[in-house]
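Observations on the model geometry
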Amino acid sequence: MDRVEQSNADAEAPSVIDRYFTRWYRADMKGNPCEDHCILQHSNRLCVITLAETHPILQEGRTVTSINYQISHGCSRLNNKVSGKSKRGAQFVTDFAPLCRITCSDDTEYTIYSCIRGRLLEVNENILETPNLLLQKPSTDGYIAVILPKFEESKSITESLLTREEFENVVSKRSLSQPS
């Protein structure tokens, strides 16, 4: 292969996310317009919860001031201690279980939900110290959490989620219905 062919191959190489993960979306989470979540599903069933590119935090240039994994007085996602092959100790989350609350500089607060049922394997503690990771790298270093669905449910969890094409249709309809 000559240099021109090599440079074309490098330019067209998909990212790790596009190569190994399937993107699923949940639009207008809990009826909140534009509060969209993205679920990156790996072939080994692991699901990474991130903000969709259309989420207001990413769209409106907000500055994230704090991220809180303390969901209620008795429930902190930071206390999730997982061990062993069967992931003992992992918190079980349902589709609409809150994972964290993100507060922006204009005092708006967004609750990020799990979107799928499964065991909470990990929350991203790096975004507590560096909240800008959410804005700079939302699909990689700025992820929210990692969830492992039950084996029996791993195929059916995506039934309530949107594919990339379906999500793009929702977003285009949304932009048409908003007054300029």
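Along each chain, the written sequence defines residue order, and numbers are assigned to residues from 1. Only residues with pLDDT of 70 or above have their local features reported here, since the model is predicted, and side-chain atom pairs are shown and tallied only from 80 upward, although totals for entire chains, interfaces and linings are computed over all residues. In computing side-chain properties, one takes all heavy atoms of the structure into account and sets aside hydrogens as well as water.

Our focus in this paragraph is the overall build of the protein chain. A run of DSSP states H or I qualifies as a helix once it reaches four residues; a run of E qualifies as a strand once it reaches two. Both are numbered from the N-terminal end. Regarding its fold elements, the protein chain presents six helices and 11 strands. For the protein chain, the spread of C-alpha atoms along the three principal axes comes to 60 × 50 × 35 Å. Per-residue accessibility, obtained with a 1.4 Å probe over protein chains only, is compared with the maximum for each type, and a residue is labelled buried under 20%, exposed over 50%, and partly exposed between these values. A buried classification covers 42% of the 180 residues belonging to the protein chain. In these tables, accessible area is a Shrake-Rupley quantity obtained with a 1.4 Å probe, and a residue counts as shielded only by the protein chains included in the view. Within the structure as shown, the protein chain displays about 10300 Å² of accessible surface, and the carbon and sulfur contribution to it stands at 49%. Lys and Arg are tallied as positive, Asp and Glu as negative. Neither His nor the chain termini are counted. Throughout, a charge is located at the NZ atom of Lys, the CZ atom of Arg, the CG atom of Asp or the CD atom of Glu. Both charge centroids of the protein chain, one from 21 positive and one from 24 negative side chains, sit 9 Å from each other.

Side-chain rings of Phe, Tyr and Trp (the six-membered ring for Trp) are treated as a pair once their centres are within 6.5 Å; stacked means planes under 30 degrees apart, edge-to-face means over 60, and tilted covers the remaining angles. In the structure shown here, the tally under the stated rule is one aromatic pair. Centre to centre, the rings of Tyr25 and Phe167 are 4.1 Å apart; their planes meet at 5°, and the pair counts as stacked. Linking Tyr25 in strand S1 (residues 21-26) with Phe167 in helix H6 (residues 164-177), this pair joins segments that are 142 residues apart in sequence. Exposure class is identical for Tyr25 and Phe167. Each is buried.

On to the sheet that holds strand S8 (residues 98-104), then. DSSP calls a pair of strands paired once it identifies at least 2 bridges connecting them. One open sheet accounts for three strands, arranged S4-S8-S9; its pairing is antiparallel. Every interior strand has two partners, whereas the edge strands, strand S4 (64-68) and strand S9 (109-113), have only one. Direction aside, the axes of adjacent strands within the sheet are offset by 20° on average. Pairing of S4 with S8, which is carried by four bridges, proceeds in the antiparallel orientation. All axes here are fitted lines through C-alpha atoms, helices being fitted over the stretch that makes contact, and every angle between N-to-C directions spans 0 to 180 degrees.

Okay, the sheet that holds strand S11 (residues 145-148) next. If you trace the six strands from one edge of the open sheet to the other, you get S1-S2-S3-S11-S10-S7, paired in antiparallel fashion. Looking at strand neighbours, the two that pair on one side only are S1 and strand S7 (91-93), the edges of this open sheet. Neighbour to neighbour, the strand axes of the sheet diverge by 35° on average, direction disregarded. Both strand S3 (residues 47-51) and S11 contribute to a ladder of three bridges, which runs antiparallel. In the sheet register, Val48 faces S11, and the bridge partner there is Val146.

Where S7 and strand S10 (residues 118-123) come together, three bridges link them in antiparallel fashion. Across the sheet, the residue bridging to Val93 is Gly118, located in S10. Judged from the four bridges that link them, S10 and S11 form a sheet pairing that is antiparallel. From the neighbouring strand, Val123 faces S11, where its bridge partner is Ala145.

Working definition of a nonpolar core: buried Ala, Val, Leu, Ile, Met, Phe, Trp, Tyr and Cys residues. They are joined through side-chain atoms within 4.5 Å. Judged by nonpolar contacts, the single largest core of 31 residues is most densely connected at Ile67, Ile102, Leu134 and Ile144. Contributions of two or more residues to this core are made by S3, S4, S8, S9, S10, helix H5 (133-136) and S11. Examining the composition of this core, we find that four residues originate from one element, S8, more than from any other. A contact between two residues is defined here by any heavy atoms of the two lying within 4.5 Å. Excluding residues that lie within four positions of it along the chain, Leu134 makes contacts with Leu51, Leu58, Val64, Ile67, Ile102, Ile127, Gly142 and Ile144. Tyr25, Leu40, Leu121 and Tyr143 belong to the second largest nonpolar core, which has 12 residues in total.

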